[in-house]
Structures are given as C-alpha cells and as structure tokens.
Amino acid sequence: MARISVCITHYDRPHKLGATLESLARQTRVPDEVFLWDDCSPHDPTEIALVFQSRFPCFVYHRNEHNLNMPGNLNAVIAQATGDYIANLHDADTFHPTLLEKWERSLDAHPTAGLVFCGYDTMVESPNGQRLCIHDIPPLTQGRAFFDRWFVGNTGSVIWGTVMARKSAYDQLLPFNPTYRNWSDVEMWLRMCRSHDIAYVAEPLIVLDNSPTPLRRFSWF
C-alpha cells in the first residue's frame, strides 16, 4: 500500500484554515503524514494549526521566519514529504471525505500517471447556472495528448493547484520554478505532460475558496 503525504501551503487565511484541516481530518483514507507550512503570514495561524496536531498520525507545522513566496514555500514543504504519493492542497479549500481515497485509487490503477486531479465546486454559479466544474476528460490521458488538448491554444489551466503527484515524478521535475511566481504550479503541470500521463477523477471533490484575490485565476496574458 502506498504512503500518502499531504502538503499544505498557507498564507494569511487563518480564519479558513480550521475548515480546511477539519475536512482533511475526515478523510476516508487517512494521510500518513501532513505538513502545513505557513509563509510568515501577518496573522499567525499557529494556534489554529496546533489544534489539529492530534488528529493525524503525523502532523508537522512550520512557520517560515521570512516570506518565501508561493514557489519557495511549496518547494520547502514538498521537500519534507516521504510518501509515495504527494497531495498539494490549498489552505482555504475544503475537501470531500473521499478525495484522498479516490486520488490514491486512480494512481494505483494508472501506474504511468504522474499526477491525478479532479473536478471541483466553485461555490459561484456561472452565467449558465452551473457551479460544478467537471471536464470531459478520460480517467487517463497520454501526457502529450493532454498537453495538446488542454493547454495549446487555451489561456487558462484546466489543472488547478491541487493535485496528487507521484514522488518519483516530483523527484525528476522539482523544483517549482520561482520565475513563474504564483503560476509556477501551472508550469510544473506543463513539464509533467512531457514525461508522464495525466489521470483525472470526474467528480467535484474539492470546494474552492472563492475569496476575492487577483491570484485565483491563471492566464497566459
């Protein structure tokens, strides 16, 4: 059985961190280790984080002495992970209880996949009345074909920042490149497509935080 590491990057949303950790603590597939890295937030989340210390088999909380920015903080927390599968999760989203179970099942079933991602609930209705974002993507797509279909000619990224990747894939591709700042994860997924296939779970297993911020959407332009 594969070991699962969960890596959460946090910056200045302590009022939402409790709900994120509570949804993670309720997973049907308990993570083997959880790492929460705070990027020197103006509002210290330590008190909230430590409430959950006893809820996981292994829980490590760290607060950076200075701000590393998103790529640096993400690289720092992933460097701690020892699991076979590494889940990158955001600090203000919440997760369906079966998220880790279904991600693990997908990577187990598709050994050529470098990562798996899923649909999500945007919490905001689109002009056509839809708030669930589920794409017509097969359970497994060859990496180059995925790149051609979902990245070439598109101005956004179909893969959100929350994925579960194989540690072996990250060992080949890390680090997240700080040149791309808050979109360094998108650049990582592009590189992932060059050497690995992409798995997908067509269910809305993540409820996205929709707080107003200019960094919630990626665009090439």
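Shown above is the structure to which this text applies.
All figures in this text were calculated on a predicted structure; none of them were measured in a lab.

### Some points on the environment of glutamate 33
Moving on, step 1. Its place among the elements puts glutamate 33 in strand E2 (residues 33-38).
Moving on, step 2. Considering only alpha carbons, one finds glutamate 33 and cysteine 7, 26 residues apart in sequence, at a separation of 8.6 Å.
Moving on, step 3. Excluding anything up to four places from it in sequence, glutamate 33 contacts Arg3, Ile4, Ser5, Val6, Cys58, Gln80, Ala81, Thr82 and Gly83.
Moving on, step 4. Within polar-contact distance, the side chain of glutamate 33 engages the side chain of serine 5 at 2.5 Å.

### Some words on the nonpolar core
Moving on, step 1. The biggest cluster of nonpolar side chains holds 34 residues, and the ones touching the most others in it are Val6, Leu89, Trp103 and Met164.
Moving on, step 2. Secondary structure elements with two or more residues in this core: strand E1 (4-10), helix H1 (14-25), E2, strand E3 (59-63), strand E4 (85-90), helix H4 (99-109), strand E6 (113-121) and strand E10 (197-207).
Moving on, step 3. The residues touching valine 6, leaving out its near neighbours within four places in the chain, are Leu24, Pro31, Glu33, Val34, Phe35, Ala87, Leu89 and Leu100.
Moving on, step 4. Ranked by size, the runner-up nonpolar core spans 32 residues in total, among them Ala76, Phe117, Ala169 and Leu173.

### Some points on the packing of aromatic side chains
Moving on, step 1. One pass over the structure, following the stated rule, counts ten aromatic pairs.
Moving on, step 2. Between the aromatic rings of phenylalanine 56 and phenylalanine 59, the centroid separation amounts to 5.8 Å while the plane-to-plane angle is 15°, which identifies the pairing as stacked.
Moving on, step 3. For phenylalanine 59, a relative accessible area of 9% puts it in the buried group.
Moving on, step 4. Here phenylalanine 117 and phenylalanine 146 contribute two aromatic rings whose centre-to-centre distance is 6.0 Å and whose plane-to-plane angle is 90°, an arrangement assigned as edge-to-face. A residue pair is termed long-range when its members are at least 10 positions apart, and phenylalanine 117 in strand E6 and phenylalanine 146 in helix H5 (residues 143-150) qualify at 29 residues. The same class applies to phenylalanine 117 as to phenylalanine 146, namely buried.
Moving on, step 5. Joined through ring pairs, the aromatic side chains of Phe117, Phe146, Phe147, Trp150, Phe151 and Tyr200 make up one cluster.
Moving on, step 6. In this structure, arginine 149 is placed above the aromatic ring of tryptophan 150, and the distance from its NZ or CZ to the ring centre is 3.9 Å.

Reading guide: rules and limits
Residues numbered from 1 in each chain as written. Predicted model: local features only at pLDDT ≥ 70, side-chain atom pairs only at ≥ 80, totals over all residues. Heavy atoms only, no water. Helix = DSSP H or I, 4+ residues; strand = E, 2+ residues; numbered from the N terminus. Contact = heavy atoms within 4.5 Å. Polar contact = N/O pair within 3.5 Å; in protein donor to acceptor, adjacent residues only side chain to side chain. Core = buried A, V, L, I, M, F, W, Y, C linked by side-chain atoms within 4.5 Å. Buried < 20%, exposed > 50% of the residue type's maximum accessible area, 1.4 Å probe, protein only. Phe/Tyr/Trp six-rings, centres within 6.5 Å; stacked < 30°, edge-to-face > 60°. Lys NZ or Arg CZ within 6 Å of the ring centre and 35° of its normal.

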